[in-house]
Amino acid sequence: MTHEIMTVAQVAEYLQLSEMTTYKLVQEGKIPGFKIGRHWRVKKEDLNEFIERLKNGERL
C-alpha cells in the first residue's frame with residue numbers, strides 16, 4: 001500500500017536522509033509540507049514534484 005500522506009520519518013526513509021535533516025527541510029518550507037496539530041505531514045505527490053524540480057537543477 002502506498003501512503004498518499006507521509007510522516008517526516010517516512011519522507012526521511014524515502015529520501016535516504018536523517019529525520020533531523022528532513023524535519024528541518026520541511027520546517028523551512030524547502031520540502032512542501034503541512035501541519036496537523038504538532039505533526040508535519042507531506043503529500044507524496046508534492047514530494048515527487050519536489051524531486052523532479054531538484055532533478056531539473058533547482059537548488060535547495
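Just so it is clear, the model here is predicted, and its values are computed rather than measured.

*Asks:* Outline the sheet that holds strand β3 (residues 39-43), supporting the account with residue identities and numerical values.
*Replies:* One open sheet holds the three strands; their spatial order is β1-β3-β2, and the pairing between them is antiparallel. Since the sheet does not close on itself, it has two edges, and those belong to β1 (5-7) and β2 (34-36), each with one partner. For this sheet the average axis-to-axis angle between neighbouring strands, irrespective of direction, equals 45°. Across three bridges, β1 lies against β3 in antiparallel orientation. The residue bridging Ile-5 from the neighbouring strand is Lys-43, located in β3. Contacts from helix α1 (residues 8-15) reach β1 and β3 within the one sheet, and its direction differs from that of β1 by about 90°.

*Asks:* Report on the pattern of salt bridges, specifying residues and quantitative values.
*Replies:* Taken as a whole and assessed by the stated rule, the structure comprises three salt bridges. A salt bridge links Lys-55 to Glu-52; the nearest nitrogen and oxygen atoms lie 3.1 Å apart. Here the residue Lys-55 and the residue Glu-52 both occupy positions in helix α3 (residues 44-55), the gap between them amounting to three residues, near one helical turn. Residue classification places Lys-55 among the exposed positions, given a relative accessible area of 61%. Residue class for Glu-52 comes out partly exposed when judged on its relative accessible area of 39%.

*Asks:* Describe in detail the side chain of Thr-22, supporting the description with residues and values.
*Replies:* Take Thr-22: it is sitting in helix α2 (residues 19-27). Thr-22 gets classed as buried once you look at its relative accessible area, which sits at 0%. If sequence neighbours within four positions are ignored, Thr-22 has contacts with Val-8, Val-11, Ala-12, Leu-17 and Ile-31.

How each quantity is defined
The numbering scheme is per chain: residues are counted from 1 as the chain's sequence reads. Only residues with pLDDT of at least 70 get local features here, since the model is predicted, and only at 80 or more are side-chain atom pairs given and counted; chain-wide, interface and lining totals rely on the full set of residues. Hydrogens and water molecules were not included; the side-chain quantities draw on all heavy atoms of the structure. Here, strands pair whenever DSSP counts at least two bridges between them. Each helix is a run of DSSP H or I of at least 4 residues and each strand a run of E of at least 2, with the numbering of both proceeding from the N terminus. To define axes, lines are fitted to C-alpha atoms, for helices over the stretch in contact only, and angles between the resulting N-to-C directions are given on a 0 to 180 degree scale. Should any heavy atoms of two residues lie within 4.5 Å, those residues are counted as being in contact. Each salt bridge in this description consists of a side-chain nitrogen of Lys or Arg and a carboxyl oxygen of Asp or Glu lying within 4 Å of one another. When a residue's accessible area, from a 1.4 Å probe over protein chains only, is under 20% of the maximum for its type it is buried; when over 50% it is exposed; and in between it is partly exposed.

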